Amino acid sequence: MKALGIVGSYRKGGINDTAVEAILQGVASAGAATEKIFLADQTIRFCNNCRNCMQEPGTDPGPCVLEDDVPGLIHKCLQSDILILSSPVNFGSMTAVSKAFLERLACLAYWPWGTPAPQFRKIPGKRLAVLVTSSAAPALASRLGGFHSLADLGKIAETLNAEVVAKLHYGLIALKHETSLSQSQRAAAIRLGSCLADLSKEGWVGKLKLRAIRAVAQSDLPQLPYVGPAFDRIASIPFRRTGR
Ligand SMILES: Cc1cc2nc3c(=O)[nH]c(=O)nc-3n(C[C@H](O)[C@H](O)[C@H](O)COP(=O)(O)O)c2cc1C
């Protein structure tokens, strides 16, 4: 099993970086290979709308005329079973570098000249995705529809044929210059990662468990004590019944 974390923040050691790192740590503890990529470290040129990559049918990404790191990045995404996609909220939506990456995923659609709209290519294999975002405003703003970063990251997941199984929004995080996840949030994110690795085996019970941990992992009150173990106990009851 392979997990790839993509950080769309410009800040190493910030909220998105530490959240992705913690989730990957959890996935790794379950035996998966992990890798983290900072989009800002990659050479990502802007899509120029030539649609060269969209002309031929098929399940492989279409050939892009631009020479940069994106084809390699897409290859890594498609080779992964788990994607952790992250971006802070900047002016209400995901960061520019994340959007530039999303636009370059056009090669995963088929849209020949003369047809009115693109169709997603039928990418083989299914992957799971976790979406991570953060903002100065409370996470509640995201749930009330005020921010678009999670929806934007969801488009990356959809284009890469990844099923979104958890969304995390860390709110109220921009009060200090140096900021990172609290210990309790980090612990919950690690737990979420290990749960994620088990998800394919555990089916709907795994999804329930993940949802419970997600609620703990994202909190507007980072100083709350970590109550994850209590959730874990509740969520693991069905496993005992089935002898797991
Ligand atoms: C250019 C810019 C725009 C921002 N826009 C918003 C915003 O619209 N709403 C908000 O709540 N926070 C906003 N923020 C705060 C960031 O969301 C916050 O600093 C970020 O989540 C930190 O993530 P990181 O630690 O991963 O870098 C903005 C920050 C910057 C630098």
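Residues numbered from 1 in each chain as written. Predicted model: local features only at pLDDT ≥ 70, side-chain atom pairs only at ≥ 80, totals over all residues.

## Some words on the overall build of the chain
From N to C terminus, the chain includes eight helices and seven strands. Nonlocal contacts in the chain, meaning residues at least 24 apart in sequence, comprise 76% of its contacts between residues at least 6 apart. (Helix = DSSP H or I, 4+ residues; strand = E, 2+ residues; numbered from the N terminus. Contact = placed C-beta atoms within 7 Å.)

## Comments concerning the nonpolar core
Of all hydrophobic cores here, the largest spans 55 residues; its most connected members are Ala19, Ile23, Leu83, Ile84 and Val130. Ranked by the residues each element gives to this core, the list is headed by helix H6 (residues 183–217), at eight residues. With residues up to four places along the chain from it excluded, the contact list for Ile84 reads Ala3, Gly5, Ile6, Val20, Ile23, Leu24, Val130 and Val132. (Core = buried A, V, L, I, M, F, W, Y, C linked by C-beta atoms within 7 Å. Buried ≥ 20, exposed ≤ 12 C-beta atoms within 10 Å, placed from the backbone.)

## Focus: the site of the ligand
Taken together, 18 residues lie near the ligand, and Ser9, Gly14, Asn16, Pro88 and Ser135 sit nearest. Here the shell around the ligand gets three residues from one element, more than from any other, and that element is helix H1 (residues 15–29). Residues belonging to the shell around the ligand are distributed by class as follows: eight nonpolar, eight polar and two charged. (Near = placed C-beta within 6 Å. Nonpolar A, V, L, I, M, F, W, Y, C, P; charged D, E, K, R; others polar.)

## Description of the packing of helix H3 (residues 96–104) against helix H5 (residues 149–159)
Each pair of packed helices can be summarised by the angle the axes make with each other and by the distance between the axes. At their nearest, the axes of H3 and H5 sit 10 Å apart, and the two run at 30° to each other. By the angle between their axes, H3 is roughly parallel relative to H5. Both H3 and H5 take part in a crossing whose hand is left-handed. For the pair formed by H3 and H5, the contact residues are Ser98, Lys99 and Leu102 on the first element and Asp152, Lys155 and Ile156 on the second. (Axes fitted to C-alpha atoms, helices over the stretch in contact; angles between N-to-C directions. Parallel < 35°, antiparallel > 145°, perpendicular 65-115°, else oblique. Left-handed = near helix turned anticlockwise from the far one by under 90°.)

## Overview of the confidence of the model for the chain
On average, residues of the chain score 85 in pLDDT, and 82% of them are at 70 or above. Within the model, pLDDT remains below 50 along residues 219–244, and this stretch shows 32 contacts once partners closer than five positions in the same chain are excluded. (pLDDT = per-residue confidence, 0-100.)

## What to know about unusual backbone geometry
Residues other than glycine seldom take positive phi values, yet Arg51 does so here, at roughly 60°. Given 16 C-beta atoms within 10 Å, Arg51 falls into the partly exposed group. In the Ramachandran plot, Leu172 falls in the positive-phi region, its phi being about 55° despite a non-glycine side chain. With respect to the element layout, Leu172 can be found in the loop between strand E7 (162–170) and H6.

## Some remarks on the pairing of strand E6 (residues 127–134)
The buried count for E6 comes to eight of eight residues, which makes it a mostly enclosed element. On E6, burial covers both faces: Arg127, Ala129, Leu131 and Thr133 on one face and Leu128, Val130, Val132 and Ser134 on the other are all buried. As paired strands, E6 and E7 are joined by eight bridges and run parallel to one another. By the bridge assignment, Leu131 is partnered in E7 with Lys167. (Pairing = 2+ DSSP bridges.)

## Examining the sheet that holds strand E2 (residues 33–38)
Spatial strand order, E2-E1-E3-E6-E7: five strands in an open sheet with parallel pairing. The sheet terminates laterally at E2 and E7, the two strands that pair on one side only. With direction set aside, neighbouring strand axes in the sheet form an average angle of 15°. In terms of strand pairing, strand E1 (residues 2–7) meets strand E3 (residues 82–88) through five bridges, oriented parallel. Note on E3: the bridge partner recorded for Ile6 is Leu85.

## Points about helix H2 (residues 70–79)
Burial in H2 covers these residues: Val70, Leu73, Cys77 and Leu78. Down the axis of H2, the sector holding all buried residues measures 135°, keeping them to one side. Exposed side of H2, more than 90 degrees from the buried face: Gly72, His75 and Gln79 are the residues found there. If you follow the buried residues of H2, they end up packed against E1, E2, E3 and H3. (Arc of directions from axis to C-beta.)

## Details of the environment of Leu105
Note on placement: Leu105 falls in the loop between H3 and strand E4 (109–110). For Leu105 and Ile156, which are 51 residues apart along the polypeptide, the C-alpha to C-alpha distance reads 7.7 Å. Excluding anything up to four places from it in sequence, Leu105 contacts Ile74, Ile156 and Thr159.

## A short note on H5
What sets the pattern is the α-helix's 3.6 residues per turn: residues three or four places apart point alike. Taken together, the buried positions of H5 are Ser149, Leu150, Asp152, Leu153, Ile156 and Ala157. Burial along H5 is one-sided: seen end-on, the buried residues are contained in an arc of 160°. Following H5 by one or two positions, Asn161 has its phi on the positive side, about 55°.

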